[in-house]
Amino acid sequence: MKTDNTKRLISRRNVVLGALLATTLGARAQDNKADLFGVEIRGSGGHDVLLIPGLASSPEVWTSLAAQLSAQHRVHLIDIAGFAGRAPVADAAPLASSLAEALAAYIAREGLSPPAVVGHSLGGEVALMLAARHPARVGRLVVADALPFYSLLFTPAATVETAAPGARALRDAWLAATQEQLAAMQEAGAARLATGASSRAAVSRWGRDSDRRTVAQAAYELAITDLRPELARITAATTVIYAHHPSYGAVESVDGAFAAAYQGLGHARLVRIDHSRHFVMLDQAERFNAAVVEALR
């Protein structure tokens, strides 16, 4: 029974990267000099909080959380180049690590007292990189439905070497697909990532407005990046919020997968939110916001 549940978990959750890619029907890559990220600041008091969206996502994903946090804190909404209508950057790859370094420079340049950093999906990976490689610049860390090695979604025994061929094939397939082929997968992909109709529509819209090459390359990078050896460098108080949906199989299997992935970060607090898919901040906004507020205390 445990084996069956694990297989169901892997089968259901290994669609995340593919589903995100399937929703990406957007613009051709452009060679321009746009910044790697933009920032919108809301609120003016309390602590600084950086909110980093995920793969092919808009900072709109944080609308509910930002409204709540900005009443007491200064919120920095990060808008990633190539995602959800923001112009792509030709030399952005590797995107996640480049963004982590750019955010570390932003924190230093703006003279921010070590801020709280909240990241979802790819943004969660960026947040982990930032906290591991620049521990003195992160005060609190919240990772939303992200693993330190995404290929664990395919198999718990994954390594960078075993993941690379499949990651390349997935990237190349999305780049070669016609708009019609991607469109056929779009609705199914969005359904795997969020539960509500309005949330699915938003995820689809952000994907359509994203640069296909940027997203495909970033997904490939996620699949071959294993941050588990770096977790011990993180000193920030860390909360990992993750989703569980009945279709994922047994709760114990999901709990076990996240506990195993983060065992190198012994002080991390794991918080499961049920009846949600990957976009947990959309599916269960009230519970997600409460978990973040608790993590920031």
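Residues numbered from 1 in each chain as written. Predicted model: local features only at pLDDT ≥ 70, side-chain atom pairs only at ≥ 80, totals over all residues. Heavy atoms only, no water.

Moving on to the packing of aromatic side chains. The final tally for this structure, using the stated rule, is 4 aromatic pairs. Pairing W206 with F279 gives two aromatic rings, centres 6.3 Å apart and planes at 50°, and the pair type is tilted. With W206 in helix 8 (residues 197-208) and F279 in the loop between strand 7 (269-274) and helix 11 (280-283), this residue pair connects regions lying 73 residues apart in the sequence. The exposure class of W206 is buried, given its relative accessible area of 3%. For F279, a relative accessible area of 1% puts it in the buried group. Taken together, a centroid distance of 4.3 Å and an interplanar angle of 10° make the contact between Y242 and F258 stacked. Of the two residues, Y242 is situated in strand 6 (residues 237-244) and F258 in helix 10 (residues 251-261); the sequence distance between them amounts to 16 residues. Judged by relative accessible area, Y242 falls into the buried class, the value being 4%. F258 sits in the buried class, given a relative accessible area of 2%. It is R171 that lies over the ring of Y220; its NZ or CZ is 4.3 Å from the centre. (Phe/Tyr/Trp six-rings, centres within 6.5 Å; stacked < 30°, edge-to-face > 60°. Helix = DSSP H or I, 4+ residues; strand = E, 2+ residues; numbered from the N terminus. Buried < 20%, exposed > 50% of the residue type's maximum accessible area, 1.4 Å probe, protein only. Lys NZ or Arg CZ within 6 Å of the ring centre and 35° of its normal.)

Now for the pattern of salt bridges. Tallied over the entire structure, the rule returns 12 salt bridges. In this structure, the salt-bridge partner of R42 is E40, at a minimum N-O distance of 3.0 Å. What makes R42 partly exposed here is its relative accessible area of 30%. By relative accessible area, E40 is classed as partly exposed at 40%. Between R205 and E60 there is a salt bridge; the shortest N-O distance is 3.2 Å. (Salt bridge = Lys/Arg side-chain N within 4 Å of Asp/Glu carboxyl O.)

All right, on to the sheet that holds strand 3 (residues 74-80) then. Paired through backbone hydrogen bonds, the strands of a sheet run either parallel or antiparallel to each other. Strand order in the open sheet made by the 7 strands is 1-3-2-4-5-6-7, with mixed pairing throughout. What marks the edges here is a single partner per strand, and that holds for strand 1 (37-42) and strand 7. When strand polarity is set aside, the average angle formed by the axes of neighbouring strands in this sheet is 20°. As defined by bridge partners, strand 2 (residues 48-52) adjoins strand 4 (residues 116-120) across 4 bridges and the pair is classed as parallel. Within strand 4, the residue paired with L50 across the bridge is V117. Relative to the sheet, helix 4 (residues 95-109) contacts strand 1, strand 2 and strand 3, its axis offset from that of strand 1 by approximately 45°. Across the face of the sheet, helix 5 (residues 122-133) comes into contact with strand 2, strand 3, strand 4 and strand 5 (140-144) while running at roughly 145° to strand 4. (Pairing = 2+ DSSP bridges. Axes fitted to C-alpha atoms, helices over the stretch in contact; angles between N-to-C directions. Contact = heavy atoms within 4.5 Å.)

With that settled, the discussion passes to the environment of S58. The topology assignment puts S58 in the loop between strand 2 and helix 3 (63-69). The spacing of S58 and A84 is 26 residues in sequence and 5.2 Å in space, taken between C-alpha atoms. Not counting residues within four places of it along the chain, the set of residues in contact with S58 comprises P53, A84 and W206. Within the structure, the side chain of S58 is placed 2.9 Å from the backbone nitrogen of E60, a separation counted as a polar contact. (Polar contact = N/O pair within 3.5 Å; in protein donor to acceptor, adjacent residues only side chain to side chain.)

A word on the pairing of strand 2. Burial of strand 2 is extensive: 5 of the 5 residues sit out of reach of the surface. Neither face of strand 2 is open: one carries D48, L50 and I52, the other V49 and L51, and all of them are buried. Judged from the 4 bridges that link them, strand 2 and strand 3 form a sheet pairing that is parallel. Among the inter-strand pairings, V49 is bridged to a residue of strand 3, identified as V75. A crossover links strand 2 with its parallel partner strand 3, the connecting element being helix 3, and its sense is right-handed. (Right-handed = clockwise from strand over helix to strand, strands pointing away.)

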